[in-house]
Amino acid sequence: MKATQREDKEVMVFVDASNIIYGCKRAGWKMDFEKLFQYLSTRFGAKRILYYAGLDSENKKQLLFYELLQRFGYEIHLVPVKHFSDGTRKGDVDARLAFEAMRYYDEYGKAIFLTGDGDYFWLLEYLLQNGKEIILLAHREGTARELRQLFGPRFTDLKLLRRIVEFFPK
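A few points on the structure.

Procedures and definitions
Residues numbered from 1 in each chain as written. Predicted model: local features only at pLDDT ≥ 70, side-chain atom pairs only at ≥ 80, totals over all residues. Heavy atoms only, no water. Buried < 20%, exposed > 50% of the residue type's maximum accessible area, 1.4 Å probe, protein only. Helix = DSSP H or I, 4+ residues; strand = E, 2+ residues; numbered from the N terminus. Pairing = 2+ DSSP bridges. Right-handed = clockwise from strand over helix to strand, strands pointing away. Axes fitted to C-alpha atoms, helices over the stretch in contact; angles between N-to-C directions. Parallel < 35°, antiparallel > 145°, perpendicular 65-115°, else oblique. Left-handed = near helix turned anticlockwise from the far one by under 90°. Contact = heavy atoms within 4.5 Å. Nonpolar A, V, L, I, M, F, W, Y, C, P; charged D, E, K, R; others polar. Salt bridge = Lys/Arg side-chain N within 4 Å of Asp/Glu carboxyl O.

### Re the pairing of strand β6 (residues 108-114)
Summarising burial for β6: seven of the seven residues are buried, a large majority. Pairing geometry for strand β1 (residues 10-16) and β6, over six bridges, is parallel. Each bridged residue has a counterpart across the sheet, and for Val13 the counterpart in β6 is Ile112. Where β6 and strand β7 (residues 133-138) come together, five bridges link them in parallel fashion. Across the sheet, Ala111 pairs through a bridge with Ile134, a residue of β7. Once you follow β6 into helix α5 (residues 121-129) and on to β7, the crossover reads as right-handed.

### Quick word on the packing of helix α4 (residues 94-103) against α5
Between two packed helices, the angle of one axis relative to the other and the distance separating the axes together describe the packing. Where α4 meets α5, the closest approach of the two axes is 10 Å, and the angle between their N-to-C directions is 15°. Relative to α5, α4 is oriented roughly parallel. The crossing of α4 and α5 is left-handed. Each of Ala98, Ala101 and Met102 in α4 lies in contact with α5, whose residues at this interface are Leu123, Tyr126 and Leu127. In terms of residue class, the contact of α4 with α5 is built from six nonpolar, no polar and no charged.

### Details of the pattern of salt bridges
Using the criterion set out here, one finds nine salt bridges in the structure. Across the pair Glu75 and Arg48 runs a salt bridge whose closest N-O atoms are separated by 2.8 Å. In this pair, Glu75 is assigned in strand β3 (residues 75-80) and Arg48 in strand β2 (residues 48-55), connecting sequence segments 27 residues apart. On the accessibility criterion, Arg48 (16% relative accessible area) is buried. For Arg89, the salt bridge identified is with Asp56, shortest N-O distance 2.9 Å. Pair noted here: Arg89 is in strand β5 (residues 89-90) and Asp56 is in the loop between β2 and α3 (60-72), with a separation of 33 residues, a long-range link. What makes Asp56 buried here is its relative accessible area of 13%.

Encoded structure:
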């Protein structure tokens, strides 16, 4: 019997790093990205886990963290951090993540998005309307209402996975 179109394509994961990191921080815990990688690979059979974040090339600690993520197996996709006159910094990955989700459209039958950012609404709605199996993992408190409504039971609050993916210093 021939595999269906969805079964013979990869499961891909798109991680909006700042949304997940700061969501954990607001919730009072820290994500263990090695455990998260293992969970996504084992639970969903993810073959590619793409991690989107800002790059401050002068931040040595950040650079070491990205090297560590690559050793875990993440594909790192970085955008330069912009520095604003008020002292704030922002690495805006939304456009790149959305672009690449469409760029790889034919390569995956199922995708998992780790973000609660409402800026992804149109992308995620399009993917769902066009037959992609999409799962949304995010912090409920930091997830746009329209995304929670769009996903209904396909939305998973990261709080439910905390005991599996929480970081504990050694």
